[in-house]
Amino acid sequence: RHRQGVSVSHPQRPSIRRAIEVARGGGPLFGSVQATFNLLDQSAAAELAAAHEAGMCVIVKEALANGRLTERAPDSDKLALLREEAAALGTGVDALALAWVISHPWVTVCLSGASTVEQLRSNADALRIAPLDPALHARLSAAVRQECDEYWEDRKALQWN
């Protein structure tokens, strides 16, 4: 049976909660929810877990935060930490950020956004290192997260190609 999916944007949390509640014909209307979720913006985690629990497929978009969780991002303390942890695992920053996302048991699909073969190869290394060690996962969660509104303000300021 085919069902509709819903894709949400900021503010995501109330939209996800509402999508879980919408029913038709005795069952949930939406079979999937697509939302932004990454090391920087972790704000929708509880709602996405609830969507999964309700039987919805959870599709994560912007897992690399529009390039802010890749080597092309401007230098920062957060990027330095990601480089250090990625190097210890023999992988790239992008693969580590993707592995962090897919280490959540409620993530069904994680969209990488790769636009070149090289990016796709690098992104695919996330499958080798996931699931991340729980201590590393928790350490990255705490050190890299950004307040939701700050994340979306920074996103608005990005130069789009």
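A brief report on the enclosed structure follows. (Residues numbered from 1 in each chain as written. Predicted model: local features only at pLDDT ≥ 70, side-chain atom pairs only at ≥ 80, totals over all residues. Heavy atoms only, no water.)

1. As for the layout of surface pockets
Alright, step 1. The volume enclosed by the largest pocket comes to roughly 640 Å³.
Alright, step 2. What lines the largest pocket is a set of 27 residues, and nearest its centre among them are Asn66, Gly67, Arg68, Thr70 and Arg72.
Alright, step 3. Going through the elements one at a time, helix 4 (93-102) and helix 5 (117-124) are the ones with two or more residues in the lining of the largest pocket.
Alright, step 4. The element contributing the most residues to the lining of the largest pocket is helix 5, with 4 residues.
Alright, step 5. For the lining of the largest pocket, the class distribution of residues is 10 nonpolar, 11 polar and 6 charged.
Alright, step 6. Its boundaries defined by the atoms lining it, the second largest pocket holds a volume of some 200 Å³.
Alright, step 7. Surrounding the second largest pocket, Leu40, Arg68, Leu69, Ala73, Pro74, Asp75, Ser76, Lys78, Leu79, Val144, Gln146 and Asp154 form its lining.
Alright, step 8. Split by residue class, the lining of the second largest pocket holds 6 nonpolar, 2 polar and 4 charged. (1 Å grid on protein atoms, 1.4 Å probe; cavity = no way out; pocket = protein on both sides within 12 Å on 5 of 7 lines; lining within 4 Å. Points joined across faces, edges and corners; volume = space filled by probe spheres on them. Helix = DSSP H or I, 4+ residues; strand = E, 2+ residues; numbered from the N terminus. Nonpolar A, V, L, I, M, F, W, Y, C, P; charged D, E, K, R; others polar.)

2. Focus: the side chain of threonine 70
Alright, step 1. Within the secondary structure, threonine 70 sits in the loop between strand 5 (57-61) and helix 3 (77-89).
Alright, step 2. Classification of threonine 70 by relative accessible area gives buried; the value is 14%.
Alright, step 3. Reaching out from threonine 70, the side chain makes a polar contact with the backbone oxygen of glycine 67 at a distance of 2.7 Å. (Buried < 20%, exposed > 50% of the residue type's maximum accessible area, 1.4 Å probe, protein only. Polar contact = N/O pair within 3.5 Å; in protein donor to acceptor, adjacent residues only side chain to side chain.)

3. Here we look at the packing of aromatic side chains
Alright, step 1. Within the structure shown, the criterion is met by 3 aromatic pairs.
Alright, step 2. Ring geometry for tyrosine 151 versus tryptophan 152: centroids 5.4 Å apart, planes at 80 degrees, classification edge-to-face.
Alright, step 3. Note on tyrosine 151: relative accessible area 0%, which makes it buried.
Alright, step 4. Residue classification places tryptophan 152 among the buried residues on the basis of a relative accessible area of 6%. (Phe/Tyr/Trp six-rings, centres within 6.5 Å; stacked < 30°, edge-to-face > 60°.)

4. A short note on the sheet that holds strand 4 (residues 30-36)
Alright, step 1. Spatial ordering of the open sheet is given by 1-4-5-6, a layout of 4 strands whose pairing is parallel. Each having just a single partner strand, strand 1 (4-7) and strand 6 (109-110) make up the two edges of the open sheet.
Alright, step 2. With 4 bridges joining them, strand 1 and strand 4 adopt parallel strand pairing. Bridge pairing in strand 4 links valine 6 to valine 33. (Pairing = 2+ DSSP bridges.)

5. Here's the deal with the nonpolar core
Alright, step 1. If you look at the biggest cluster of nonpolar residues, it comprises 45 residues, and the most contacted ones within it are Leu48, Leu69 and Leu140.
Alright, step 2. Top element by residues in this core is helix 4. It accounts for 8 residues.
Alright, step 3. Those residues within four positions of leucine 48 in sequence are excluded, and the remaining contacts are Ile16, Val33, Ala35, Phe37, Val58 and Trp106. (Core = buried A, V, L, I, M, F, W, Y, C linked by side-chain atoms within 4.5 Å. Contact = heavy atoms within 4.5 Å.)

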